[in-house]
Structures are given as C-alpha cells and as structure tokens.
Amino acid sequence: VERITEMEMVGAALVFLGFAVSCVGGIWLLITAFKESLLWGLGSLVIPLVGLIFVITHWEEAKKPFLIQLAGIVPISWLSPGRGRRPIIFTRQVV
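Think of each chain on its own: its residues are numbered from 1, step by step along the sequence as written. Predicted model: local features are reported for residues with pLDDT of at least 70 only, side-chain atom pairs are reported and counted for 80 or more only, and whole-chain, interface and lining totals are derived from all residues. Excluded from the side-chain calculations are hydrogens and water; all other atoms, namely the structure's heavy atoms, are used.

**Some thoughts on the nonpolar core**
(1) Moving on: Put simply, buried Ala, Val, Leu, Ile, Met, Phe, Trp, Tyr and Cys residues joined by side-chain atoms within 4.5 Å make one nonpolar core. Only protein chains enter the accessibility calculation, which uses a 1.4 Å probe; a residue whose area is less than 20% of its type maximum is buried, one above 50% is exposed, and one in between is partly exposed. If you look at the biggest cluster of nonpolar residues, it comprises 5 residues: Leu29, Ala33, Phe54, Val55 and Ala62.
(2) Moving on: Only DSSP runs of H or I reaching four residues or more are called helices, and only runs of E reaching two or more are called strands; each is numbered from the N terminus. Where this core is concerned, the elements lending two or more residues are helix 1 (6-36) and helix 3 (48-57).

Below is the structure:
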C-alpha cells in the first residue's frame, strides 16, 4: 500500500486551490462581460478570444477578475507536468 507524503498532499491542495481561484475569476469575468452587454457575455461564453478582447477593451472593469483568474493559473501551471522536471504531486513511480 502506497502512502501519500505531506508534500504530495500540499501539491494537490495547491493545484485544487489554483483551480478554484481560477474558476472564481473566470466566472466573475463572465459576469462582468454580461453586465456590459448580452453580446459581450454570450461572445465570451462561446468564443474564447472574445473574452480576451473584452479584457483588453474594458480593462478597468475586467482587470480584477482577470488578474484573479491569472493568479489561479500560476500554481496549476507550476505543479503540472511538462516543465522539464517532475512536479511534486507526480514524483511517485508505481512499479
């Protein structure tokens, strides 16, 4: 039976926290787009680049939710595979 180390638990918790923060920022950004207009909201929901265009063109309104969403992505990308090394949560090799 394999035991999960404390570092693996911390890594998994950070990934989950980053995902939750990113979701909150994304939903907040979507609400901000819908408050601006129905077309901005629907466009942001359906076409990903429209959301980015909304952030650029409405920076003052979209700055806070966008930066929160970005802050949530940092721990996810830092702990995810594909960075040239094995992240904390993927260090165990199953034999």
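**Let's talk about the packing of aromatic side chains**
(1) Moving on: Stacked, edge-to-face and tilted labels apply to pairs of Phe, Tyr and Trp rings (six-membered ring for Trp) whose centres lie within 6.5 Å, assigned for plane angles under 30 degrees, over 60, and everything in between, in that order. What the rule picks out here adds up to 2 aromatic pairs.
(2) Moving on: Between Trp59 and Phe66, the aromatic rings sit 6.1 Å apart at their centres with planes inclined by 70°, giving edge-to-face as the arrangement.

**Regarding helix 2 (residues 38-46)**
What sets the pattern is the α-helix's 3.6 residues per turn: residues three or four places apart point alike.
(1) Moving on: Among the residues of helix 2, those classed as buried are Gly41, Gly43 and Ser44. Each buried residue of helix 2 sits inside an arc of 170° when the element is viewed along its axis, so together they form one side. Turned more than 90 degrees from where helix 2 packs its buried face, Leu38, Leu39, Leu45 and Val46 sit exposed.
(2) Moving on: Whether two residues touch is decided by their heavy atoms; if any such pair falls within 4.5 Å, the residues are in contact. Looking at the buried residues of helix 2, the elements they touch are helix 1 and helix 3. The directions from the helix axis to the C-beta atoms are what the arc is built from.

**Regarding helix 1**
(1) Moving on: With 31 residues, helix 1 should cover 45 Å at 1.5 Å per step; its first-to-last C-alpha distance of 45 Å lies within 8% of that length.
(2) Moving on: Three or more residues of helix 1 are buried, namely Glu8, Gly11, Gly18, Ser22, Gly25, Leu29, Thr32 and Ala33.
(3) Moving on: Its buried side turned inward, helix 1 meets helix 2, helix 3 and helix 4 (59-79). Here a helix's expected span is defined as the number of its residues, less one, multiplied by 1.5 Å.

**Describing the packing of helix 3 against helix 4**
(1) Moving on: Axis lines are fitted to C-alpha atoms, over the contacting stretch for helices. Their N-to-C directions set the angle, which ranges from 0 to 180 degrees. Where helix 3 contacts helix 4, the two axes come as close as 6 Å, and the packing angle between them is 120°. Of the possible angle classes, the one that applies to helix 3 and helix 4 is oblique. Residue-level inspection shows Phe54, Val55, Ile56 and Thr57 of helix 3 in contact with helix 4, the latter providing Trp59, Ala62 and Phe66.
(2) Moving on: In the scheme used here, Gly and all other residues not listed as nonpolar or charged are polar, with Ala, Val, Leu, Ile, Met, Phe, Trp, Tyr, Cys and Pro taken as nonpolar and Asp, Glu, Lys and Arg as charged. The residue inventory of the contact of helix 3 with helix 4, partitioned by class, reads 6 nonpolar, 1 polar and no charged. The cut-offs work like this: below 35 degrees is roughly parallel, past 145 is roughly antiparallel, 65 to 115 is roughly perpendicular, and the gaps in between are oblique.

**Here we look at a nonpolar patch on the surface**
(1) Moving on: Residues form patches when they are more than 30% accessible in relative terms and have no salt bridge. Like charges link within 9 Å. Nonpolar side chains (Val, Leu, Ile, Met, Phe, Trp, Tyr) link within 5 Å. Surface accessibility in these figures is a Shrake-Rupley result with a 1.4 Å probe; residues are shielded only by whichever protein chains are displayed. Whenever a carboxyl oxygen of Asp or Glu lies within 4 Å of a side-chain nitrogen of Lys or Arg, that contact is scored as a salt bridge. A cluster of nonpolar side chains, contributed by Phe34, Leu38, Leu42, Leu45, Val46, Ile47, Leu49, Leu52, Ile53 and Ile56, occupies part of the molecular surface with about 980 Å² of accessible area.
(2) Moving on: Only helix 2 and helix 3 provide two or more residues apiece to the nonpolar patch.
(3) Moving on: Of note, Leu45 is situated in helix 2.

**Points about the environment of Ala12**
(1) Moving on: Checked against the element boundaries, Ala12 lands in helix 1.
(2) Moving on: For Ala12, a relative accessible area of 41% gives the class partly exposed.
(3) Moving on: Separated by 67 residues in sequence, Ala12 and Leu79 have C-alpha atoms that sit 8.6 Å apart.

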